[in-house]
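Examination of the molecular architecture
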Amino acid sequence: MNQTSDLIQSAQRTIRLELEAVQGLLPHIDADFVRACEMILTSKGRVVVVGMGKSGHIGNKIAATLASTGTPAFFVHPAEASHGDMGMITREDIILALSNSGSTNEIITLLPLIKRLGIQLISVTGNPESALAKAAEVNLNVHVEHEACPLNLAPTSSTTATLVMGDALAVALLEARGFTAEDFAFSHPGGALGRRLLLKVENVMHAGQELPQVQRGTLLKDALMEMTRKGLGMTVILEADGKLAGIFTDGDLRRTLDHSVDIHSATIEQVMTPHGKTARAEMLAAEALKIMEDHKISALVVVDDEDRPVGALNMHDLLRAGVM
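Residues numbered from 1 in each chain as written. Predicted model: local features only at pLDDT ≥ 70, side-chain atom pairs only at ≥ 80, totals over all residues. Heavy atoms only, no water.

Looking at an unreviewed UniProt entry, one finds the protein named Arabinose 5-phosphate isomerase, with Pseudomonas hefeiensis as its source organism. Under the UniProt heading Sequence similarities (unreviewed entry), the entry covering the protein gives this text: "Belongs to the SIS family. GutQ/KpsF subfamily." According to the UniProt record, the Catalytic activity (unreviewed entry) comment for the protein is "D-arabinose 5-phosphate = D-ribulose 5-phosphate". (UniProt positions renumbered as here; feature names shortened; annotations may be inferred.)

1. A look at the side chain of Thr 218
Turning to its location among the elements, Thr 218 is positioned in the loop between β6 (213-215) and α12 (220-230). Given the relative accessible area of 18%, Thr 218 is considered buried. At 2.6 Å, the side chain of Thr 218 and the backbone oxygen of Gln 215 are in polar contact. Among residues more than four places away in sequence, those in contact with Thr 218 are Ala 223, Thr 267 and Ile 268. (Helix = DSSP H or I, 4+ residues; strand = E, 2+ residues; numbered from the N terminus. Buried < 20%, exposed > 50% of the residue type's maximum accessible area, 1.4 Å probe, protein only. Polar contact = N/O pair within 3.5 Å; in protein donor to acceptor, adjacent residues only side chain to side chain. Contact = heavy atoms within 4.5 Å.)

2. Considerations on the environment of Ile 62
Tracing the chain through its elements places Ile 62 in helix α3 (residues 53-68). For the pair Ile 62 and Met 225, spaced 163 residues apart in the sequence, the C-alpha separation amounts to 58 Å.

3. Some words on the pattern of salt bridges
Working definition: two side chains of opposite charge can pair if their charged atoms are close together. Going through the model one piece at a time under the given rule, you end up with 13 salt bridges. Taking the shortest distance from any N to any O, the salt bridge between Glu 306 and Arg 308 comes out at 3.1 Å. Taken together, the shared-partner salt bridges in this structure form one network comprising Glu 226, Arg 229 and Lys 230. (Salt bridge = Lys/Arg side-chain N within 4 Å of Asp/Glu carboxyl O.)

4. Some remarks on unusual backbone geometry
Of note, Ser 260 is a non-glycine position whose phi angle comes to about 55°, a positive value. You will see that Asp 307, though not glycine, has its phi angle at about 65°, which is positive. Counting through the fold element by element, Asp 307 comes out in the loop between β11 (299-303) and β12 (309-314). When its relative accessible area of 24% is taken as the criterion, Asp 307 is described as partly exposed.

5. A closer look at the side chain of Thr 71
Within the element layout of this structure, Thr 71 appears in the loop between α3 and β2 (73-76). For Thr 71, a relative accessible area of 1% translates into the label buried. If near-sequence neighbours (up to four positions away) are discounted, Thr 71 is found in contact with Ile 40, Val 47, Leu 66, Leu 173 and Arg 177.

6. Topic: the sheet that holds β2
The strand order across the open sheet formed by 5 strands is β2-β1-β3-β4-β5, and the pairing between neighbours is parallel. Two strands close off the open sheet at either side, each with one partner strand: β2 and β5 (138-141). Strand-to-strand, the axes of this sheet are offset by a mean angle of 20°, without reference to chain direction. Most of the contacts of helix α2 (residues 31-42) go to β5, to which it runs at about 125°, and overall it touches β1 (47-51), β3 (94-99), β4 (120-125) and β5. Sitting on the sheet, α3 is in contact with β1, β2 and β3, with an inclination near 165° to β2. (Pairing = 2+ DSSP bridges. Axes fitted to C-alpha atoms, helices over the stretch in contact; angles between N-to-C directions.)

7. As for the UniProt feature "domain: SIS" (unreviewed entry) in the protein
The positions UniProt marks with the feature "domain: SIS" (unreviewed entry) are residues 36-179. Taken end to end, residues 36-179 is 44% helix and 17% strand, and its two terminal C-alpha atoms sit 18 Å from one another.

8. A few points about the pairing of strand β8 (residues 244-249)
Within β8, 6 of the 6 residues are buried, which leaves the element mostly enclosed by the surrounding structure. Pairing of strand β7 (residues 234-238) with β8 involves 5 bridges; the strand directions are antiparallel. Bridge pairing links Met 234 to Thr 249 in β8. Two successive antiparallel strands, β7 and β8, enclose a turn made up of 5 residues, where Gly 242 displays a positive phi of approximately 90°. Sheet topology places β8 next to strand β9 (residues 273-274); 2 bridges connect them, and they run antiparallel. Its bridge partner lying in β9, Ile 247 is registered against Thr 273.

9. A word on the nonpolar core
In terms of nonpolar packing, the biggest core is built from 29 residues, with Leu 96 and Ile 122 touching the most fellow members. Elements represented by at least two residues in this core include exactly α2, β1, α3, β2, β3, β4, β5 and α8 (157-177). Ignoring anything within four residues of it in the chain, the contact list for Ile 122 reads Ala 36, Met 39, Ile 40, Ile 94, Ile 95, Leu 96, Ala 97, Ala 136, Val 138 and Leu 140. Core analysis: the second largest hydrophobic core is formed by 20 residues, Met 205, Ala 281, Ala 286 and Ile 291 among them. (Core = buried A, V, L, I, M, F, W, Y, C linked by side-chain atoms within 4.5 Å.)

10. Observations concerning the UniProt feature "domain: CBS" (unreviewed entry) in the protein
Residues annotated by UniProt as "domain: CBS" (unreviewed entry) correspond here to residues 205-263 and 272-324. Taken end to end, residues 205-263 is 34% helix and 24% strand, and its first and last C-alpha atoms sit 28 Å apart.

11. Remarks on α8
With 21 residues, α8 should reach 30 Å at 1.5 Å per residue; the first-to-last C-alpha distance of 30 Å fits that figure. Those residues of α8 that are buried lie in contact with α1 (2-23), α2, α3, β3, β4 and β5. Positioned one or two residues after α8, Gly 178 has a phi angle of 70°, which is positive. (Expected span 1.5 Å × (residues − 1).)

In structure tokens:
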């Protein structure tokens, strides 16, 4: 029982210390942070993140976040940079160097070459008086009072603070660039995220001969035959000029039967939903899904600029496409 209590207290203490470390960053979001953002925004090159040990792991994540949010970036191991990988870095790039102490040997070794090549340097350190911080054009201060490690040795609070500073930098740059969800999708074309953000209605809708459609005045029984042939659980109803008059779905059929309507004598306009909700072919499929969810409907008619039906889709189409 005592061990259980000790474990819980230890975990809670760690979280409190790391929360304090993150909150301690707020005063450091200052003119230096703005300068770092401006350097990256005006750069014609990429952000090259370097870091050793735990800082290297954090650096990998920061580089990946920057790259996926509109700022070209990649990670270079500083020890490998001394053995050939420095050739991956151009004069137009910006180096983002991570070191809590600001005195990591593998990074300090690179400073003369960085200066000789005229590469701009942003440091992220916990010691603004360190050699790395003083060599940089700007230093982002991630100083923490205590590591969460009870020995005050293992990088814990300091790596959390560095990671959060990296996220703050990436998001500030994202917003400054006007980075959109569609831009984000181009960096994430695989999986459900890419499908939700890239797939358009025209990619999943049924068009041409696959589109169930009848004219206003058609008998309900004939409209049901059209629905059966096309298998979408709905049909579009057209005006004489080809514009959208309404929609009739399986749900409408159930309501029609509840009202004891004679399906052999009734016409489609007596039971259809006039006009109904519509989508556009160029609309994102995710937007069409939101329309369906907001209005609790299972099918949409796709119309052109003149309100003429050009296609239709239902929830099953979006499910098959992986949008939901």
